[in-house]
Amino acid sequence: MNSTDERRMQDLGLLFLRLSGALFLLWVHGLPKLLNYSAELTRIEDPFHLGAAPTLILAIFAEVLCPLLIMAGVLVRLACLPILFLLAVALLVVHPQWSLEEGQFGWLLLIIFTSVFIAGPGRLAMNTRFDGVLRHV
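Parameters at a glance
- Residues numbered from 1 in each chain as written.
- Predicted model: local features only at pLDDT ≥ 70, side-chain atom pairs only at ≥ 80, totals over all residues.
- Heavy atoms only, no water.
- Helix = DSSP H or I, 4+ residues; strand = E, 2+ residues; numbered from the N terminus.
- Buried < 20%, exposed > 50% of the residue type's maximum accessible area, 1.4 Å probe, protein only.
- Contact = heavy atoms within 4.5 Å.
- Core = buried A, V, L, I, M, F, W, Y, C linked by side-chain atoms within 4.5 Å.
- Polar contact = N/O pair within 3.5 Å; in protein donor to acceptor, adjacent residues only side chain to side chain.
- Expected span 1.5 Å × (residues − 1).
- Bend = angle between axes of the 7 residues up to and from the residue.
- Axes fitted to C-alpha atoms, helices over the stretch in contact; angles between N-to-C directions.
- Parallel < 35°, antiparallel > 145°, perpendicular 65-115°, else oblique.
- Left-handed = near helix turned anticlockwise from the far one by under 90°.
- Nonpolar A, V, L, I, M, F, W, Y, C, P; charged D, E, K, R; others polar.

**A short note on the overall build of the protein chain**
Reasoning step 1: Secondary structure summary: the protein chain contains five helices and zero strands in total.
Reasoning step 2: Principal-axis analysis of the C-alpha atoms gives the protein chain an extent of 55 × 30 × 25 Å.
Reasoning step 3: Within the protein chain, the fraction of its 137 residues that count as buried is 32%.
Reasoning step 4: Put simply, 65% of the contacts in the protein chain that link residues at least 6 apart link residues at least 24 apart.

Here's what the structure looks like:
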């Protein structure tokens, strides 16, 4: 396999990682919060005492808008940050009593989005059309 084929496979792997991780987060957590907003207001944890509505809006931002940006390949590394913060808060602050088995989905998402944050979106992303610093964010 030559270096061009290798690079193409790496880009496909990063695209798969971005799409699958973002789609899982959006489908399992984001859309249910968005579509059941009123019911979620009564259930959401508020670890920083911001109030239920602001906390839910921030969660929806991290679980709906950020995955959409990641799937599109726009500002991917920047979009990973709210997701990583949300996952860390959920696992370490809101549910510290969870065993590894109980929190495995959250830990796997944390691994996926940390990997995307470190590696970047690859060449199969809209970021590649930007100039300057936005190309690498």
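Back to the write-up after that little detour.
**Observations regarding the nonpolar core**
The nonpolar side chains of a soluble globular protein tend to be buried with one another.
Reasoning step 1: I70, C80, I83, L87 and F113 are the most contacted members of the largest nonpolar core, which totals 15 residues.
Reasoning step 2: At the level of secondary structure, the elements contributing two or more residues to this core comprise helix 1 (3-35), helix 3 (52-72), helix 4 (76-94) and helix 5 (104-119).
Reasoning step 3: In this structure F113 touches G21, A22, L25, I70, C80, I83, L84 and L87, once residues within four positions along its chain are discounted.
Reasoning step 4: Listed in part, the six residues of the second largest apolar core include L26, L56, A59 and V64.

**Concerning the side chain of T55**
Reasoning step 1: Assignment of secondary structure puts T55 in helix 3.
Reasoning step 2: Judged by its relative accessible area of 13%, T55 is buried.
Reasoning step 3: Within the local environment of T55, its side chain forms a polar contact with the backbone oxygen of G51, the two atoms lying 2.8 Å apart.
Reasoning step 4: Leave out the neighbours within four places in its chain, and T55 touches I44, E45, D46 and L50.

**Side note on the environment of G13**
Reasoning step 1: When you line up the elements, G13 lands in helix 1.
Reasoning step 2: Note: C-alpha distance between G13 and P121 (108 residues apart in sequence) is 9.9 Å.

**Some remarks on helix 1**
Reasoning step 1: Taking 1.5 Å of rise per residue, 33 residues should cover 48 Å, and helix 1 covers 45 Å from first to last C-alpha, within 8% of that figure.
Reasoning step 2: At L26, helix 1 shows its largest bend, some 40°.
Reasoning step 3: Of all the residues in helix 1, the buried ones are D11, L14, R18, S20, G21, A22, L25, L26, G30 and K33.
Reasoning step 4: You can read the cap of helix 1 off the contacts: a side-chain oxygen lies 3.1 Å from the backbone nitrogen of T4, and it is on N2.

**Comments concerning the environment of D46**
Reasoning step 1: Within the secondary structure, D46 sits in the loop between helix 2 (37-43) and helix 3.
Reasoning step 2: For D46, a relative accessible area of 24% gives the class partly exposed.
Reasoning step 3: Note: C-alpha distance between D46 and L56 (10 residues apart in sequence) is 8.6 Å.

**Quick notes on the packing of helix 4 against helix 5**
Reasoning step 1: Between helix 4 and helix 5, the shortest axis-to-axis distance is 9 Å and the interhelical angle comes to 155°. Considering their axes alone, helix 4 and helix 5 lie roughly antiparallel with respect to each other. Judged by the twist between their axes, the crossing of helix 4 over helix 5 is left-handed. The residues of helix 5 that touch helix 4, namely those facing V76, R77, C80, L81, I83, L84, L87, A88, L91 and L92, are G106, W107, L109, L110, F113, T114, V116, F117, I118 and A119.
Reasoning step 2: Here the contact of helix 4 with helix 5 is composed, by residue class, of 17 nonpolar, two polar and one charged.

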